[in-house]
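Reading the structure
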Amino acid sequence: MKYLAYILVFIASLATAQTIDIEKTHDVSKEAMKGFIHIVNNDLEKRQIDVVYRVRAKKNQAKFITYSFDTDFNLLNQSEELIDMEKEIPSKYRPKKYKGEDFSREGLAVEPNMMGTLVLKRKVTNFNWSWFMGGYTVTTNVAEKLKAKTDDEKKLFYHDHIEDNTSGTVMVLAGEKGNPKSGAFNHMMNYHFLKYDINLTQLADVNVNFETPQSVAAVYGYPTTDDDPKSDMIVIFAPTKAKNYTGPKIWSKTPTEYTYVRVSYEGKLLDKISFSSPNSIWRIDDFVLNADGAVYFYGPSNSEQDDYFQNRMEFAGAEKKKWPRFQLAKVDKGKMDFVSNTSMEDFETKLKPQPDGKKGDPYNGRRVIFNESVISPAGEIVLAGQSYGMMRNGKGQIIGREYQDLLMFHFDAKGNLISQYTMNKRFKGAAPDSQFFEFSSDGKSLYWTYFDVVGTKAVKELALVIEKPLAVPKMAKINLATGSFDKYTEYGNGDNYVHYGGITNYFRYKDSNKVAYFGENKKGSSLWFARVNFDK
């Protein structure tokens, strides 16, 4: 889930329509056009929105040009201020994530050597703020090697880890390396969740043991951004069996008996739950942590019960592999609530027509990235993603992915597929479109909002040049009982686009059932506001 994002703060409750009641534009000065939108401060209690441009002035100086609007988008004031960038920047010009222009943190780098042995190295993480991008660019320099062992001096085999760049600590999933007495598969039976600080002081060692060898099927540590603190590590283990092995029979007799383990980042075992997977090989794509504490995880699977999971790398580059089934699981209050299993034929049968009446391509188990999820008040699950193909250069060489049609799955509270929806796109992007969902208060309607990237425009600030996404805000209202699109709306009139990057581009009104888009025209010469009334 890492890509250039277009941020949307979506509404908490919606009514039955989505009609624009105000739409306005405001031209900005030629000087403002030479800079870029630095920050948007919206104080809806004071009923004021400030759009601040940053323009380079003399060396080590910046000029801030502020346009202030009321919540009906009438201009209240326009002001300019010259700031010495070597001094502390006034708080009104600082985003919440801003902690200074440039700073460094010491920490630990984690990796295996050629034999799989855990290796820890001292590192320095450098954070360099980009006003243009609205976030930090993170780079790392690695220094000397350090030795890591358990308290009883066992050597460790590296499996995975999560790092907290804000504190410099790490949590490592490692296995005890085997010897002639303990056996060659000891590192897959005796696991440790280890936490270290920057001085290699061991802060925690949570030992998780199995009677038979287990492969690491999936690992999750959240949140995953470089400059946010980490919390908890979740690992899914699957029984494994070495191919062509002729030694003692040490394997599990039940290839479908998976294990869910959750360890807090403070180093406490929260859950160890054995459960039966409907099928034996499950490629778990992602995890969802709900506000009520429940954890969901999902991904495609095989259709057999007697194959053994080998390792994650077996599926890492399997772009062309088609999977026959899809599994979704929920863990709640220390128990496995359910593990559902859906066939590809079921996805095809439950595919609904698009707003234009045409049917898109059903999910077939391959080349889809899931980038959004939501759980309804009734516990229904919505997963959203985007199909992709391979992007090639003029020589036919693969240079990345190109993202194509949107898709959305709607499951009931027990993980049973109710409907599949798709949305065909004409423009293939280098990054996925953002998708957002909200259920109506009565649970009968679902609002599917996304920022459709229909093109790009090259923009420059100093030495930095990026392809600015041109994103059209679109919304579809779905009748969940019939699976039909009741309404579909596109905003911007083909001339205006929501703003990109780490800038707020969607406002929620607290005193009425209204929201507003914020953006610019393609040239960047005028600001654009459009207020949507959900009661009309």
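Residues numbered from 1 in each chain as written. Predicted model: local features only at pLDDT ≥ 70, side-chain atom pairs only at ≥ 80, totals over all residues. Heavy atoms only, no water.

Observations regarding the overall build of the protein
- Secondary structure summary: the protein contains 3 helices and 32 strands in total.
- Each of the 536 residues in the protein was classed as buried or not, and the buried ones make up 54%.
- For the protein, the computed accessible surface area is about 24,800 Å², with 47% contributed by carbon and sulfur atoms. (Helix = DSSP H or I, 4+ residues; strand = E, 2+ residues; numbered from the N terminus. Buried < 20%, exposed > 50% of the residue type's maximum accessible area, 1.4 Å probe, protein only. Areas by Shrake-Rupley, 256 points an atom, 1.4 Å probe, with all protein chains shown as cover.)

Quick look at the sheet that holds strand 9 (residues 156–164)
- Spatially, 9-10-11-12 is the arrangement adopted by the 4 strands of the open sheet, whose pairing is antiparallel. The open sheet has two edge strands, strand 9 and strand 12 (202–209), and neither has a second partner. Going from strand to strand, the sheet's axes swing by 15° on average, the running direction of each strand aside.
- Where strand 11 (residues 190–196) and strand 12 come together, 7 bridges link them in antiparallel fashion. Within the sheet, the bridge partner assigned to Lys195 lies in strand 12 and is Ala204. (Pairing = 2+ DSSP bridges. Axes fitted to C-alpha atoms, helices over the stretch in contact; angles between N-to-C directions.)

Quick notes on the sheet that holds strand 5 (residues 75–84)
- Strand order in the open sheet formed by 4 strands is 2-3-4-5, with antiparallel pairing between adjacent strands. One side of each edge strand has no neighbouring strand; the edge strands of this open sheet are strand 2 (36–43) and strand 5. In this sheet, neighbouring strand axes are inclined to one another by 20° on average, regardless of whether the strands run parallel or antiparallel.
- Note that strand 2 and strand 3 (residues 48–56) share 7 bridges and pair antiparallel. Within the sheet, the bridge partner assigned to Val40 lies in strand 3 and is Val51.

Considerations on the nonpolar core
- Counting 22 residues, the largest nonpolar core has Ile236, Tyr258, Tyr260, Phe287 and Phe297 as the members making the most contacts within it.
- Of all the secondary-structure elements, those providing two or more residues to this core are strand 13 (214–222), strand 14 (231–239), strand 15 (257–263), strand 16 (269–276), strand 18 (295–301) and strand 19 (325–332).
- With residues up to four places along the chain from it excluded, the contact list for Ile236 reads Ser215, Val216, Ala217, Ala218, Tyr258, Thr259, Tyr260, Ile284, Phe287 and Phe297. (Core = buried A, V, L, I, M, F, W, Y, C linked by side-chain atoms within 4.5 Å. Contact = heavy atoms within 4.5 Å.)

Examining the pattern of salt bridges
- This structure, assessed with the given rule, holds 20 salt bridges.
- Of the charged contacts, one joins Lys92 and Glu81 as a salt bridge, the two residues approaching to 3.3 Å between their closest N and O atoms. One end of the pair, Lys92, is in the loop between strand 5 and strand 6 (102–112); the other, Glu81, is in strand 5, with 11 residues separating them in the sequence.
- The exposure class assigned to Lys92 is partly exposed, which follows from its relative accessible area of 47%.
- Within this structure, Lys425, Asp433, Asp452, Lys474 and Glu490 form a network of salt bridges that share partners. (Salt bridge = Lys/Arg side-chain N within 4 Å of Asp/Glu carboxyl O.)

Describing the confidence of the model for the protein
- Overall, the prediction assigns the protein a mean pLDDT of 84, with 90% of residues at 70 or greater.
- Looking at the elements of the protein, mean pLDDT is at its lowest for strand 30 (residues 506–508), recorded as 73, and at its highest for strand 15, recorded as 98.
- In the predicted structure, residues 1–16 sits below a pLDDT of 50 and forms 58 contacts with residues beyond four places in sequence or in another chain. (pLDDT = per-residue confidence, 0-100.)

Digging into the environment of Asn209
- Within the fold, Asn209 resides in strand 12.
- Judged by relative accessible area, Asn209 falls into the partly exposed class, the value being 37%.
- A C-alpha to C-alpha distance of 9.7 Å links Asn209 and Asn186, two positions 23 residues apart in sequence.
- Side chain to side chain, Asn209 and Asn207 meet in a polar contact 3.1 Å long. (Polar contact = N/O pair within 3.5 Å; in protein donor to acceptor, adjacent residues only side chain to side chain.)

A word on the pairing of strand 18
- Of all 7 residues in strand 18, 7 are buried, a share of seventy percent or more.
- In this sheet, strand 18 lies alongside strand 17 (residues 286–289) in antiparallel orientation, the contact comprising 4 bridges. Note on strand 18: the bridge partner recorded for Leu289 is Val295.
- Linking strand 17 to strand 18, which pair antiparallel, is a turn of 5 residues; within it Gly293 sits at a positive phi near 100°.
- When strand 18 meets strand 19, the two strands line up antiparallel, connected through 7 bridges. When the sheet's bridge partners are listed, Val295 is paired in strand 19 with Val331.

Describing unusual backbone geometry
- A positive phi angle, near 70°, is found at Phe73, a position not held by glycine.
- We classify Phe73 as buried; its relative accessible area is 4%.
- The backbone of Leu200 sits at a positive phi, close to 65°, despite the residue not being glycine.
- Within the secondary structure, Leu200 is located in the loop between strand 11 and strand 12.

Notes on the packing of aromatic side chains
- Summed over the entire model, instances satisfying the criterion amount to 42 aromatic pairs.
- A connected cluster of aromatic rings, assembled from ring pairs, spans Tyr220, Tyr258, Tyr260, Phe275, Trp282, Phe287 and Phe297.
- If you follow Lys272 out to its NZ or CZ, it ends over the ring of Phe210, 4.8 Å from the centre.
- Taking the ring centre of Tyr388 as reference, the NZ or CZ of Arg401 above it sits at 4.0 Å. (Phe/Tyr/Trp six-rings, centres within 6.5 Å; stacked < 30°, edge-to-face > 60°. Lys NZ or Arg CZ within 6 Å of the ring centre and 35° of its normal.)

Digging into the environment of Asn165
- Considering the arrangement of structural elements, one finds Asn165 in the loop between strand 9 and strand 10 (169–176).
- Taking the relative accessible area as the measure of exposure, Asn165 reaches 10% and is therefore buried.
- Asn165 sits 58 residues away from Gly107 along the chain, and the two C-alpha atoms are 6.8 Å apart.

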